[in-house]
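Each chain, written out:
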Amino acid sequence: LISVQVPIVTTANALEINRCIKEQVYNELQNWLLPDKCSLKESETSISNIDKRMEPSEYSTQYLHISGKITFKNDTLVSLVFTGNQNVKSAAHPNEVFFTINVDVHTAQRVSLADVCAIDDSLYTAFLTHVNSERISRDELLSLKAFEKEVFLEGLAQEPENGFYGYFKPNYVCISYPVAY
């Protein structure tokens, strides 16, 4: 079962922006599907629910559920966050799914954090200074502070290729990075 909920952007250039979002979600889904068990076929129906226009090519024991929400929208940028889980019948536990999509409102193209702000020492310092320590344990905070600056900055510069994601909320720049658990 593949279920993906995609919010619709209503703004100037909405058709092109929603098309970009649809394409980017489709590309991200390819990272979560087992290539030998399931692939997606696109059809021409509603953009709001991708599960209505994508069907597994083979029925498998794979489960993928993702829902998205708009976290930020202004005259230049739309930022969306997608969360959910993925599981296969033989797996010990499900995997959490997380990815973000930022779209330039004028060009209707995906943009990364590096396209919007400088990926440099000041961003790294600000991230460590302003991390919300109420939401993470002491051990997680120590692990975060031990994160190598070069790896962090390089990961953000290559977003989203390596599991790093940047997105926006009103008054915030949010950063997600991969960790083993």
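Heads up: the structure comes first, above all this text.
Residues numbered from 1 in each chain as written. Predicted model: local features only at pLDDT ≥ 70, side-chain atom pairs only at ≥ 80, totals over all residues. Heavy atoms only, no water.

Bringing the overall build of the protein chain into the picture now. A count of helical and extended segments in the protein chain gives 5 helices and 9 strands. Counted from the first residue to the last, the protein chain has its helices and strands arranged as β-α-β-β-β-β-β-β-α-α-α-α-β-β. Relative to its full complement of 181 residues, the protein chain shows a buried share of 39%. For the protein chain, the share of sequence-separated contacts (at least 6 apart) that also reach a separation of at least 24 residues comes to 56%. Looking at the protein chain as shown, the accessible area adds up to about 10600 Å², and 50% of this sits on carbon and sulfur atoms. (Helix = DSSP H or I, 4+ residues; strand = E, 2+ residues; numbered from the N terminus. Buried < 20%, exposed > 50% of the residue type's maximum accessible area, 1.4 Å probe, protein only. Contact = heavy atoms within 4.5 Å. Areas by Shrake-Rupley, 256 points an atom, 1.4 Å probe, with all protein chains shown as cover.)

Counting residues in hydrophobic clusters, the biggest one holds 21 residues, and the most contacted among them are V4, I17, I21, V25, I66, F82 and F99. Of all the elements in the fold, those that place two or more residues in this core are β1 (2-5), α1 (14-32), β4 (62-73), β5 (77-88) and β6 (95-104). Contact partners of I66, with chain neighbours within four places excluded, come to S3, V4, Q5, L29, F82, T83, G84, V97 and F99. Grouped together as the second largest cluster of nonpolar side chains are 15 residues, F72, L123, L128 and F168 included. (Core = buried A, V, L, I, M, F, W, Y, C linked by side-chain atoms within 4.5 Å.)

Taken as a whole, the second largest pocket spans an internal volume of roughly 200 Å³. In terms of lining, the second largest pocket is formed by Q24, N27, E28, N31, W32, F98, F99, R110, P160, E161 and Y165. For the lining of the second largest pocket, the element with the highest residue contribution is α1, accounting for 5 residues. Of the residues assigned to the lining of the second largest pocket, the class counts are 5 nonpolar, 3 polar and 3 charged. (1 Å grid on protein atoms, 1.4 Å probe; cavity = no way out; pocket = protein on both sides within 12 Å on 5 of 7 lines; lining within 4 Å. Points joined across faces, edges and corners; volume = space filled by probe spheres on them. Nonpolar A, V, L, I, M, F, W, Y, C, P; charged D, E, K, R; others polar.)

Right, let's talk about helix α5 (residues 149-157) for a bit. Turning to α5, its buried residues number three or more, namely F152, L153, G155 and L156. The buried residues of α5 occupy one face: seen down the axis, they fall within an arc of 160°. The inward-facing, buried residues of α5 abut α2 (113-116), α3 (121-130) and β9 (172-176). (Arc of directions from axis to C-beta.)

This brings us to the pairing of β4. Bridge count for β1 against β4 is 4 bridges, and the pairing is parallel. Residue pairing for β4: S3 is matched across the bridge by H65. Relative to β5, β4 runs antiparallel, the two being bridged by 11 bridges. Looking across to β5, one finds that I70 is bridged to L80. Where β4 folds back onto β5 in an antiparallel hairpin, the turn is made up of 3 residues. (Pairing = 2+ DSSP bridges.)

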